[in-house]
Amino acid sequence: MGDLVTALVDIVGAANVATGDAIAEDLTHDEAITAVPVVPAAVVRPATTDEVAAIVALAAEQGVALTARGSGTGLSGACIPQPDGILVSFDRMADILEIDTDNHVARVQPGVTLAQLDEATAAVGLVYPVFPGENSASLGGNVATNAGGMRAVRYGVTRHQVLGLTAVLGTGEVITTGGKFVKATSGYDLTQLIIGSEGTLALATEATLRLHPRLTHGATVLVPFPGLDEVAAAVPRIVGSGLMPTILEYIDFITMSAITAANNLELGVPQEIKDGALAYLVVVLENRAQDRVDEDIVELAELVTGLGAMDLYVLPSHSGAALIDAREKAFWTAKANNADDIIDMVVPRASIPEYLGAVQEIGAATGSLVVGCGHAGDGNVHLSVFQPDVATRKDVVGRILRAGADLGGAVSGEHGIGTEKKAYLAAIEDPAKLDLMRRIKTSFDPAGILNPGVIFD
């Protein structure tokens, strides 16, 4: 290991290599509740693509596991290093290289945070629309996990915004994919293959991102419903209405009570409505002018009133922003309330009531409390599982994920698989597909050094 550290120092300098007690505790884990922190053999902080390529080539030559890390905000254990491996931290590669207002793209290094990019794009009237709930998240991590978030109902997820990458393969080779264009039929789409691969295929060192016009007028609307069936009926009608909501979330009454209490929110909903509402829709409408937003609110009100809504509340701007912020941080509320696991599942949006009914049956049968919220517009359900017995909890989570898969869903919509969900993926996914993924990984990473043990063994 001494020779490895010496070689790393030769690449990036002694100040940018840490071992032993010099490794910060924060670098040993992400935010996955069930994951165990791991101290790697070394942490290395490259500043250029060439340095990343040299590090990867060295790791491949010596057969040393290598894990990439951005801000560490993931929820699946995907950036937790191996005990005898190298952790590549991208905090020194955090520059916005270009904001091209003619082609509506940004070129960024992987350590750039969402907050950093949002500030820069706001200055020119543009926006990068992926907000997965934590603005300190890095763009490199978002690319690795195909991050989503509440705004996916309008704009899509990370893979819909990434036009090109510079990436280092497991051999140390550097490739550039895509570019400042939206059309390409020139062979396999390597950009999309790398996105969401959780650092198992390549390390992205630069991304070209699509930017959108920044809409400057908006409103947050809270709609209580007596049950999930009414919510399910309303969601496709809202999506198909042409209103193009920026956010369309459902929150069950337990989660709504928890996040409003935790954040001291008073939303102006009368007690009699709270007592009768089993679920809420949160709808954010945005447009270029306030009068257009007002027209959309009227149309939304007419639509949901006919679909069983108990009422409709247009929240003051500060309350609306506070509710969205609280919803984005629902993970932290659940964690503070001692949730034993937090999972995400995606099902066809029309299947959400049937799925949540199955989830409640599983919870009741196993003595577990399962509550949640989700991105109703795209069927992505987030669930907090309260079950302290490890064996029972694993059984509960497996049954919950299987129930979603049986409805045509997938094990994760945006958190990814990492180390914490790979056993569930192996139990549910088609073995032929997993074998194909392994063969693809071998093509990108013949030595098997890039994030081994993530997604699958």
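## Comments concerning the pairing of strand β4 (residues 86-89)
Of the two faces of β4, the one lined by Ile86 and Val88 and the one lined by Leu87 and Ser89 are each fully buried. Inspection of the sheet shows strand β2 (residues 42-44) paired to β4 by three bridges, in the parallel sense. Its bridge partner lying in β4, Ala42 is registered against Ile86. Both strand β3 (residues 66-69) and β4 contribute to a ladder of four bridges, which runs parallel. By the bridge assignment, Ala68 is partnered in β4 with Val88.

## Brief notes about the sheet that holds strand β14 (residues 279-287)
Where strands meet in a sheet, backbone hydrogen bonds hold them as pairs that are either parallel or antiparallel. An order of β15-β12-β14-β13-β17-β18-β16 is seen for the seven strands of this open sheet, with the pairing classed as antiparallel. The outermost strands of the open sheet, each flanked by one partner alone, are β15 (313-315) and β16 (341-346). Neighbouring strand axes in the sheet, compared pairwise and without regard to direction, differ in orientation by 20 degrees on average. Where strand β12 (residues 217-225) lies against β15, three bridges are found, and the strand directions are antiparallel. Directly across from Leu222, in β15, lies its bridge partner Tyr313. Its contacts with the sheet place helix α10 (residues 290-305) against β12, β14 and β15, and it is angled at close to 15 degrees to β12. Across the face of the sheet, helix α11 (residues 317-328) comes into contact with β12, β13 (247-252), β14, β15, β17 (369-375) and β18 (380-386) while running at roughly 90 degrees to β15.

## Notes on the pairing of strand β9 (residues 174-178)
Bridging between strand β8 (residues 162-169) and β9 involves five bridges; their strand directions are antiparallel. Paired with Ala167 across the two strands is Ile175, which belongs to β9. Count of turn residues in the β8/β9 antiparallel hairpin: four residues, of which Gly172 carries a positive phi of about 95 degrees.

## Digging into the packing of helix α13 (residues 352-366) against helix α14 (residues 390-406)
Axis angle and axis distance: for two packed helices, these are the angle between their axes and the distance between the axes, and together they describe the pair. At a minimum axis separation of 9 Å, α13 and α14 run at an interaxial angle of 160 degrees. Between α13 and α14, the angle falls in the class roughly antiparallel. Relative to α14, the crossing made by α13 is right-handed. For the pair α13 and α14, contact is made by Tyr355, Ala358, Val359, Ile362, Ala365 and Thr366 and by Thr392, Asp395, Val396, Arg399, Ile400, Ala403 and Gly404, respectively. Grouping the constituent residues of the contact of α13 with α14 by class yields eight nonpolar, three polar and two charged.

## Concerning a nonpolar patch on the surface
Taken together, Phe253, Ile254, Leu278 and Leu369 make up a surface patch of nonpolar side chains, about 340 Å² in accessible area. As for its placement among the helices and strands, Phe253 is situated in helix α8 (residues 253-262).

## Points about α11
Counted at 1.5 Å a residue, the expected span for α11 with its 12 residues is 16 Å, and the 16 Å between its end C-alpha atoms agrees. Within α11, the full set of buried residues consists of Ser319, Gly320, Leu323, Ile324, Ala326 and Arg327. For α11, the buried positions fall inside an angular range of 160 degrees around the axis, keeping them on one side. Structural note: α11 exposes Ser317 and His318 on the side pointing more than 90 degrees away from its buried face.

How each quantity is defined
- Residues numbered from 1 in each chain as written.
- Predicted model: local features only at pLDDT ≥ 70, side-chain atom pairs only at ≥ 80, totals over all residues.
- Heavy atoms only, no water.
- Buried < 20%, exposed > 50% of the residue type's maximum accessible area, 1.4 Å probe, protein only.
- Helix = DSSP H or I, 4+ residues; strand = E, 2+ residues; numbered from the N terminus.
- Pairing = 2+ DSSP bridges.
- Axes fitted to C-alpha atoms, helices over the stretch in contact; angles between N-to-C directions.
- Contact = heavy atoms within 4.5 Å.
- Parallel < 35°, antiparallel > 145°, perpendicular 65-115°, else oblique.
- Left-handed = near helix turned anticlockwise from the far one by under 90°.
- Nonpolar A, V, L, I, M, F, W, Y, C, P; charged D, E, K, R; others polar.
- Patch = residues over 30% accessible without salt bridge, like charges linked within 9 Å, V, L, I, M, F, W, Y side chains within 5 Å.
- Areas by Shrake-Rupley, 256 points an atom, 1.4 Å probe, with all protein chains shown as cover.
- Salt bridge = Lys/Arg side-chain N within 4 Å of Asp/Glu carboxyl O.
- Expected span 1.5 Å × (residues − 1).
- Arc of directions from axis to C-beta.

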